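Structure at a glance
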Amino acid sequence: MIVGSGAREHTISNAYEKNEGVKRVIITPGNDFMTYNRSKEVIVDKESSLKDAESILRVAEKYKPDIIDVAQDDALAIGVVDLLTEKGFKVFGPTKKAARIEWDKEWSREFMKRNNIPIPEYESFDNEEVAEEYVKKIYEKEPKKLLYIKASGLCAGKGALKTTNVREALENIKMMKTFGEAGKNFLIEEGLIGEEYSYYAISDGKTFKVFKSAQDNKTINDYDEGEQTGGMGAISPARVTEDIEEKIIEEQVRKVIEGMKKEGTPFKGILYVGGIVNNRKIKTIEYNARWGDPECQVVLPALKNDYAEVVEACIEGTLDRINIELDDKARMCVVGALRGYPEDYSKAKNKEVRGIEEVNKKEGITILGAGIKNVEGRILTNGGRIFSIVGEGEDIKEAKKKAYEAMAMISIEGNNLHYRTDIGWRDIERIDEKSVRFINTKVLYSL
Ligand code: GLY
């Protein structure tokens with residue numbers, strides 16, 4: 001049973017489905033597209049909420065699954081892993097205490113500091129006036145300094161506010177209140193300049209294995225313009241990590257797995273490093289305690305091992321016996337969203353999604369559902385991000401060609417489909433050798 005509802009969980013369900021011993025996959029709360037074109041029985045049970053642990057337990061008790069994979073951040077933060085384990089289920093995912101590395105950014109930064117993990121300068125606050133004095137002093141000395149003001153709790157990816165002058169700083173400090181409990185404590189961090197990457201490890205709490213790197217494109221529009229979203233696309237592998245992978249593994253992965261073990265909260269699950277590199281120096285933007293979305297869609301399919309076996313080894317503490325094998329394909333994920341997303345997209349809800357079943361039958365293409373529902377046989381929109389298309393190929397250009405050819409076959413009633421046309425542009429430019437400027441040089445891209 002998989003806990004979650006988006007294209008990430010659809011991808012995870014595909015990975016479990018491949019295991020010979022798996023007879024059926026339950027996904028809760030899931031989405032209707034997850035049941036399309038499957039080789040095994042797939043049940044989507046919507047009778048749960050990711051913010052209500054008891055409701056997830058009720059679904060688990062109904063089906064009695066052999067393994068439960070808690071893949072979504074809200075569910076991890078409310079201790080779904082702890083509750084299900086207590087009730088005797090075999091569960092994959094970090095405990096509430098271990099997932100704190102994601103849901104409490106203040107604690108997470110302190111952990112990073114204690115464990116000598118490379119981080120930007122930061123201060124924590126729980127008082128608006130004290131924070132205002134702090135930023136005023138900073139901007140007196142450096143009127144255009146780049147800062148991030150970040151809520152400490154989970155805010156669906158919207159809690160980190162970019163700040164480039166004192167006026168914005170004061171406004172953004174006030175914004176923290178709007179995040180409720182999540183914004184009661186907040187951080188003011190030095191803004192990092194460089195290029196972002198995502199990196200993933202799986203751990204049984206004692207040892208870890210790594211996957212291929214990825215890079216996502218977070219803003220709504222091409223050229224990295226517009227508002228931040230949950231993610232509009234991703235590629236894997238990402239060349240940005242080419243000559244720094246060893247550093248990432250030693251400085252950003254090993255130190256977490258060893259540090260958590262030493263502190264008595266072993267991390268069992270998927271560790272997601274959000275990092276940034278500039279001049280071959282790496283820093284940590286944040287950690288998450290689960291797969292990224294849309295990165296999972298391009299990273300997990302590269303695993304040649306049986307995912308269910310790797311996960312079982314993590315639950316049993318025998319990951320050291322597993323030899324992880326990854327394929328050498330490149331993958332690109334392009335997210336189809338509703339026009340209006342990430343702002344108000346209510347006018348585009350309940351519109352028909354056309355062409356998606358045809359794409360589902362195409363070779364080298366995977367289509368994964370997110371904000372989608374089936375009403376009397378019609379596939380309708382039901383959220384901001386509707387689906388993910390993943391193209392795979394020998395290199396990223398081939399993967400791109402396939403993903404965008406498939407995207408061209410889909411439409412949403414009333415011209416309501418929006419997607420970015422430039423996913424993976426940094427690596428595409430690097431392949432074309434237009435742009436060494438994006439790695440290891442002074443500029444370039446700020447978060
Ligand atoms: N891709 C960003 C996230 O999953 O948090």
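Scroll up a little and you will see the structure.
Computed from a predicted model, the values in this text were never measured in an experiment. (Residues numbered from 1 in each chain as written. Predicted model: local features only at pLDDT ≥ 70, side-chain atom pairs only at ≥ 80, totals over all residues. Heavy atoms only, no water.)

Let us look at the nonpolar core. Core analysis: the biggest nonpolar cluster contains 51 residues, and V70, L84 and I101 have the highest contact counts within it. Non-local contacts of I101, meaning those with residues more than four positions away in its chain, are made with W107, S108, F111, V256, M260, F267, Y287 and A289. V25, M34, W291 and L368 belong to the second-largest nonpolar core, a separate cluster that totals 40 residues. (Core = buried A, V, L, I, M, F, W, Y, C linked by side-chain atoms within 4.5 Å. Buried < 20%, exposed > 50% of the residue type's maximum accessible area, 1.4 Å probe, protein only. Contact = heavy atoms within 4.5 Å.)

This part is about the pattern of salt bridges. Throughout the structure, instances matching the rule amount to 42 salt bridges. Across the pair R8 and E9 runs a salt bridge, and its minimum N-O distance is 2.9 Å. With relative accessibility at 1%, the residue E9 sits in the buried group. One salt bridge in this structure joins K150 and E189, with 3.2 Å as the shortest N-O distance. Note that K150 is positioned in strand β7 (residues 147-151) and E189 in strand β9 (residues 186-190), a separation of 39 residues in sequence. The same class applies to K150 as to E189, namely buried. Through salt bridges with shared partners, one network takes in R8, E9, D73, E102 and R290. (Salt bridge = Lys/Arg side-chain N within 4 Å of Asp/Glu carboxyl O. Helix = DSSP H or I, 4+ residues; strand = E, 2+ residues; numbered from the N terminus.)

Surveying the vicinity of the ligand reveals the residues D216, G230, Y272, N288, R290, G292, D293 and E295. Take D216: an N or O atom from its side chain is 2.9 Å from a nitrogen atom of the ligand. A distance of 3.5 Å is found between a nitrogen atom of the ligand and a side-chain nitrogen or oxygen belonging to Y272. When the ligand sits alone it has 200 Å² of accessible area, and the protein chains cover 85% of it. (Near = heavy atom within 4 Å. Polar contact = N/O pair within 3.5 Å; in protein donor to acceptor, adjacent residues only side chain to side chain. Areas by Shrake-Rupley, 256 points an atom, 1.4 Å probe, with all protein chains shown as cover.)

Sheet architecture is open: four strands sit in the order β6-β9-β7-β8, paired in antiparallel fashion. The sheet is open, and its two borders are formed by β6 (122-125) and β8 (160-163), each paired with just one other strand. Direction aside, the axes of adjacent strands within the sheet are offset by 20 degrees on average. Relative to β8, β7 runs antiparallel, the two being bridged by four bridges. Residue L147 lies in a different strand from β8, and its bridge partner there is T163. (Pairing = 2+ DSSP bridges. Axes fitted to C-alpha atoms, helices over the stretch in contact; angles between N-to-C directions.)

Our focus in this paragraph is the pairing of β9. By the criterion of burial, β9 is predominantly enclosed, with four of the five residues buried. Direction of pairing for β7 relative to β9: antiparallel, over a ladder of five bridges. Across the sheet, A151 pairs through a bridge with F186, a residue of β9.

Here the focus is the pairing of strand β23 (residues 385-393). With seven of nine residues buried, β23 lies mostly within the body of the structure. Pairing geometry for strand β18 (residues 330-338) and β23, over eight bridges, is antiparallel. In the sheet register, G336 faces β23, and the bridge partner there is F387. Here five bridges tie strand β20 (residues 365-369) to β23, and the two strands are oriented antiparallel to one another. Bridged to T366 within β23 is V390.

Moving on to the packing of aromatic side chains. The full count for this structure, using the stated rule, is ten aromatic pairs. Aromatic side chains F125 and F186 sit 5.9 Å apart centroid to centroid with 25 degrees between the ring planes, which places their arrangement in the stacked category. Of this pair, F125 sits in strand β6 while F186 is found in strand β9, placing the two residues 61 residues apart along the sequence. Aromatic ring contacts, followed pair by pair, group Y200, F211, Y272 and W291 into a single cluster. Between the NZ or CZ atom of K96 and the centre of the ring of W103, over which it lies, the distance is 5.7 Å. (Phe/Tyr/Trp six-rings, centres within 6.5 Å; stacked < 30°, edge-to-face > 60°. Lys NZ or Arg CZ within 6 Å of the ring centre and 35° of its normal.)

Next up on the list: the sheet that holds strand β17 (residues 281-288). Strand order in this open sheet of four strands is β11-β10-β16-β17, and the pairing throughout is antiparallel. The outermost strands of the open sheet, each flanked by one partner alone, are β11 (208-210) and β17. Shown here is a sheet whose adjacent strand axes are inclined to one another by a mean of 30 degrees, direction ignored. Contacts from helix α9 (residues 245-262) reach β10 (195-204), β11, β16 (268-278) and β17, with the element oriented near 40 degrees to β17. Of the strands in this sheet, β10 and β16 touch helix α11 (residues 307-316), which is tilted by about 65 degrees from β10.

At the junction of D293 and P294, the peptide bond is cis and its omega measures out at 25 degrees in the coordinates. Mapped onto the fold, P294 is located in the loop between β17 and α10 (295-299). With an omega dihedral of 5 degrees, the bond running from Y341 to P342 counts as a cis peptide bond. For N116, which is not glycine, the phi torsion reads 50 degrees and is therefore positive. Its location among the elements puts N116 in the loop between α6 (105-114) and β6. On the accessibility criterion, N116 (56% relative accessible area) is exposed. Within the chain, E376 stands out as a residue other than glycine whose phi angle is a positive 50 degrees. Along the chain, E376 falls in the loop between β21 (372-375) and β22 (378-381). Assessed through its relative accessible area of 80%, E376 is described here as exposed.

This part takes up the environment of S346. Note that S346 resides in the loop between β18 and β19 (353-354). On a C-alpha basis, the gap between S346 and G384 in space is 8.9 Å, while along the polypeptide they are 38 residues apart. A polar contact of 2.7 Å, which involves the side chain of S346, links it to the side chain of D344.

For the rest of this paragraph, the subject is a positive patch on the surface. On the surface, a cluster of positive charge is made up of K206, K261, K268 and R321. With respect to the helices, strands and loops of the structure, K206 is situated in the loop between β10 and β11. (Patch = residues over 30% accessible without salt bridge, like charges linked within 9 Å, V, L, I, M, F, W, Y side chains within 5 Å. Lys, Arg positive; Asp, Glu negative; His and termini not counted. Charge placed at Lys NZ, Arg CZ, Asp CG, Glu CD.)

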